[in-house]
Amino acid sequence: MTVTPQQVLDRLAGVLSPRGVALTDAGVLSEIAVTGDRVLFSIDVEASEIGAWEDVRARAEAAVRAIPGVSVAMVVLTAERKAGDAAPTPRSTQGIPHVSAHRAPQKPASQSPMSRQSDIPGVAAVIAVASGKGGVGKSTTALNLALGLRALGLRVGLLDADIYGPSIPRLTGIREKPRLSDEKKMIPIQRFGLAIMSVGFLVEEESAMIWRGPMVTSAIRQMLRDVAWGELDVLVVDMPPGTGDAQLTLAQTVPLKGAVIVSTPQDLSLIDARRGIAMFRKVNVPVLGIVENMSFFQCPHCGTRSDIFGHGGARHEAERLGVPFLGEIPLHMSIRETSDSGHPVVESEPDGPHAAIYRVIAGRVRDQLHSVIAAA
Ligand code: ADP
């Protein structure tokens, strides 16, 4: 049975807002996006009111989840509206979520990353894997790095926060959706010894979503806070690519201990990597180092190596910028095939040369993490 946006609005009409009127009459709802059995929308209020609305958000989510045919409901509370802003017109779209209203992004507040550490109970350290642009292998690196850390004996979680193109469901082959705990927290999916959560479990990867910056931040904050992560030594966050306002805000919303930048060796990609480093420095998140992905081409037949992208660029860039160089990952067919078929190479070929490279990189990340924590 297909759920319609009108059915969702009908349910929300039964939820009372702090303004004394039904949620649907409060002028705070975004479009209602329905993709199959998943419903996503936001409640946009003024920052000064946000405390009063958290409960409404939770009730709205529960009301929508109770609609027959809905398996996942995500309601995001955003505090981007300024006093006097016109109320959005509640509209609904079936299919691709599209949030067209654009307002100025929030200015990130300056906060020390260490002071935000206690934000996720049970999680000792959160690290970001970021890239200045898409397509450099950030998600593949994030997943294999998480597996490398796990191979070192750490308890590891992976949060796919790449809201613009969540690829972790594909890279891990996870099809199921997270269940809710008795405390109404989402339970991460356990795969390959990792606790995994992805925005892609909640919305389709193909729905090319257009999210406004503040909505991204609120969604990620909810995914950090409303997920039963359990006890973890490291939570690896696969960030959305790029260095725009959304990424900047996210970099300081997530309680990060450090960031790993993934780049390819080409000049253009390095310029983006440089921007990424500058972004993390701006919000006082230590850069744990740069990984050069697709560093050189290794022929799957003869093993011959060709430096088709002029290999070594990221190492030089790291030296120039005074950040650690974490390692080089070759461009290799087996990394692409294992990655895209849901069997990441560190898991599926643990004795192979690529798994060994990721484990070495993971060891360096762990050591860097220890030193930034010790220096804090
Ligand atoms: P991003 O997260 O930066 O967009 P992905 O991790 O999704 O990038 O990778 C993009 C594509 O490149 C995927 O098809 C992936 O399998 C492939 N890929 C990533 N790293 C490598 C590598 N070292 N060798 C071969 N293919 C790779």
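Going by the structure above, here's the rest.
Given the structure is predicted, the values throughout are model-derived calculations rather than measurements.

Visitor: Honestly, the site of the ligand in this entry has me stumped. Any pointers?
Guide: Taken together, 16 residues surround the ligand, and among them Lys138, Ser139, Thr140, Pro330 and Asp340 come closest. Ser139 has a polar backbone atom sitting 2.9 Å from an oxygen atom of the ligand. Between the ligand and Asp340, the relevant distance is 2.8 Å, taken from an oxygen atom to a side-chain nitrogen or oxygen of the residue. For the ligand, whose free accessible area comes to 570 Å², the fraction covered by protein is 85%.

Visitor: I tried to follow the nonpolar core on my own but got confused; where do I start?
Guide: Grouped burial of nonpolar side chains is what soluble globular proteins tend to show. In this structure, Leu149, Leu159, Met197, Trp229, Leu235, Val236 and Phe280 are the most contacted members of the largest nonpolar core, which totals 89 residues. Leaving out residues up to four positions away in the same chain, Leu235 has contacts with Ile120, Val123, Ala125, Val126, Ile127, Gly157, Leu158, Leu159, Leu224 and Trp229. Listed in part, the 25 residues of the second largest apolar core include Ala26, Ile32, Val64 and Val75.

Visitor: Would you explain the environment of Ser306 in this entry?
Guide: One can find Ser306 in strand 12 (residues 305-306). Overall, Ser306 belongs to the partly exposed group, its relative accessible area being 30%. Sequence-wise, Ser306 and Ser295 are eleven residues apart; in three dimensions their C-alpha atoms are separated by 9.5 Å. Ignoring any residue separated from it by four or fewer positions in sequence, one finds Ser306 in contact with Phe296 and Phe297.

Visitor: Can you help me understand the environment of Arg11 in this one?
Guide: Along the chain, the position of Arg11 falls in helix 1 (residues 5-12). Beyond its immediate stretch of four places on either side in the chain, Arg11 contacts Ala63, Ala66, Ile67 and Pro68.

Visitor: How do you make sense of the pattern of salt bridges when you look at a structure like this?
Guide: Once the charged atoms of two side chains with opposite charge are near each other, the side chains can pair. In total, this model carries 21 salt bridges according to the counting rule given. When the shortest N-O distance is used, the salt bridge between Asp226 and Arg225 registers 3.4 Å. By relative accessible area, which is 18% here, Asp226 ends up buried. Here Arg225 falls in the partly exposed class, since its relative accessible area comes to 36%. Of the charged contacts, one joins Asp272 and Arg275 as a salt bridge, the two residues approaching to 3.1 Å between their closest N and O atoms.

Visitor: Even after reading the chapter, I still don't get the pairing of strand 10 (residues 256-263), so can you show me in this structure?
Guide: Strand residues, when the strand is regular, have side chains that alternate between the two faces of the sheet. Among the eight residues that make up strand 10, eight are buried, leaving the element largely enclosed by the rest of the structure. The pairing of strand 10 with strand 11 (residues 287-298) spans five bridges and is parallel. Bridging from a neighbouring strand, Val260 pairs with Gly289 of strand 11.

Visitor: Would you explain helix 6 (residues 245-253) in this entry?
Guide: Buried residues dominate helix 6, accounting for eight of its nine residues. Those residues of helix 6 lying buried are Ala246, Gln247, Leu248, Thr249, Leu250, Ala251, Gln252 and Thr253.

Visitor: What exactly am I supposed to notice about the packing of helix 7 (residues 267-282) against helix 8 (residues 313-321) here?
Guide: When two helices pack together, you describe them by how their axes are tilted relative to each other and by the distance separating the axes. It is at 11 Å that the axes of helix 7 and helix 8 come closest, and there the two elements cross at 35 degrees. Like other packed secondary-structure pairs, helix 7 and helix 8 cross with a definite hand, here right-handed. Along the contact surface, helix 7 presents Leu270, Arg274, Ile277 and Arg281, while helix 8 presents Gly313, Ala314, Glu317, Arg320 and Leu321. Partitioned by chemical class, the residues of the contact of helix 7 with helix 8 number four nonpolar, one polar and four charged.

How each quantity is defined
Residues numbered from 1 in each chain as written. Predicted model: local features only at pLDDT ≥ 70, side-chain atom pairs only at ≥ 80, totals over all residues. Heavy atoms only, no water. Near = heavy atom within 4 Å. Polar contact = N/O pair within 3.5 Å; in protein donor to acceptor, adjacent residues only side chain to side chain. Areas by Shrake-Rupley, 256 points an atom, 1.4 Å probe, with all protein chains shown as cover. Core = buried A, V, L, I, M, F, W, Y, C linked by side-chain atoms within 4.5 Å. Buried < 20%, exposed > 50% of the residue type's maximum accessible area, 1.4 Å probe, protein only. Contact = heavy atoms within 4.5 Å. Helix = DSSP H or I, 4+ residues; strand = E, 2+ residues; numbered from the N terminus. Salt bridge = Lys/Arg side-chain N within 4 Å of Asp/Glu carboxyl O. Pairing = 2+ DSSP bridges. Axes fitted to C-alpha atoms, helices over the stretch in contact; angles between N-to-C directions. Left-handed = near helix turned anticlockwise from the far one by under 90°. Nonpolar A, V, L, I, M, F, W, Y, C, P; charged D, E, K, R; others polar.

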